[in-house]
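Single-letter residue listing:
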Amino acid sequence: MKLIGIADTTFARYDMAKSIIEELGSTGTGFRISRYTVPGIKDLPVASLLLFNTGCDIVIACGMPGRKPVDKISSQVASTGLMEVQLKVGKHIIEVFVHEDEAKDDRELAWLCDQRAREHAINTYNLLFFPDKLTQNAGKGLRQGYADAGDVMGEGKKGSAITH
Ligand SMILES: Cc1nc2c(=O)[nH]c(=O)nc-2n(C[C@H](O)[C@H](O)[C@H](O)CO)c1C
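If you check an unreviewed UniProt entry, the chain appears there as Riboflavin synthase from Cuniculiplasma divulgatum. For the chain, the Catalytic activity (unreviewed entry) comment in UniProt is given as "2 6,7-dimethyl-8-(1-D-ribityl)lumazine + H(+) = 5-amino-6-(D-ribitylamino)uracil + riboflavin". UniProt, in the comment section headed Pathway (unreviewed entry), describes the chain in these words: "Cofactor biosynthesis; riboflavin biosynthesis; riboflavin from 2-hydroxy-3-oxobutyl phosphate and 5-amino-6-(D-ribitylamino)uracil: step 2/2."

So, in structure tokens, the structure goes:
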């Protein structure tokens with residue numbers, strides 16, 4: 001039985017962990033989930049470390065950097081912290097960040113958060129249980145949320161549907 005950690009924030013304007021839990025539940029079995037919610041993205045590195053300390057095999061860190069310059073700096077700091085934790089423990093943290101200004105309005109922001117969260121839930125599941133599936137998709141220009149870029153040969157492009 002694997003343990004998947006989810007760290008998320010109260011700052012975010014969408015409950016991405018809910019989407020992840022739902023998507024993992026419909027993707028497969030063989031795991032339990034441990035969730036830890038903190039105020040903001042700069043609290044995610046230690047939240048992730050604490051989740052690893054309780055036995056998590058992988059952590060998904062969800063956060064929403066705001067639109068101000070200070071938020072962008074916070075995002076960089078948080079990402080660097082998440083990298084440091086990964087190198088310290090030798091395990092993956094899948095960073096699910098949706099910048100507030102990636103979407104044109106709240107409706108699109110909600111859609112983007114849900115979509116990116118779900119696609120990274122599947123990535124996480126595959127990393128843990130079926131890593132070959134990622135290898136099969138190497139170089140395909142996959143994106144989480146908006147449409148895939150596709151490979152440079154023009155193959156493998158999707159719209160915005162989830163692909164398992
Ligand atoms: C400026 C700022 N911007 C963000 C942000 O864009 N997104 C976010 O999730 N949290 C932000 N925070 C809060 C910090 O990440 C952190 O929660 C506090 O500094 C408390 O440690 C701060 C302080």
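With that settled, consider helix 3 (residues 69–89). Under the 1.5 Å per step criterion, the end-to-end length of helix 3 is 31 Å for 21 residues, consistent within 8% with the ideal 30 Å. Looking only at helix 3, the buried set comprises Asp 71, Ser 74, Ser 75, Ala 78, Ser 79, Gly 81, Leu 82, Val 85 and Gln 86. With its buried residues spanning 165° around the axis, helix 3 presents them on a single face. Exposed side chains of helix 3 directed beyond 90 degrees from the buried face belong to Pro 69, Val 70, Ile 73, Gln 76, Glu 84, Leu 87 and Lys 88. Once helix 3 finishes, Gly 90 follows within two positions and takes phi at roughly 70°, a positive value.

The rules we used
- Residues numbered from 1 in each chain as written.
- Predicted model: local features only at pLDDT ≥ 70, side-chain atom pairs only at ≥ 80, totals over all residues.
- Heavy atoms only, no water.
- UniProt positions renumbered as here; feature names shortened; annotations may be inferred.
- Helix = DSSP H or I, 4+ residues; strand = E, 2+ residues; numbered from the N terminus.
- Expected span 1.5 Å × (residues − 1).
- Buried < 20%, exposed > 50% of the residue type's maximum accessible area, 1.4 Å probe, protein only.
- Arc of directions from axis to C-beta.

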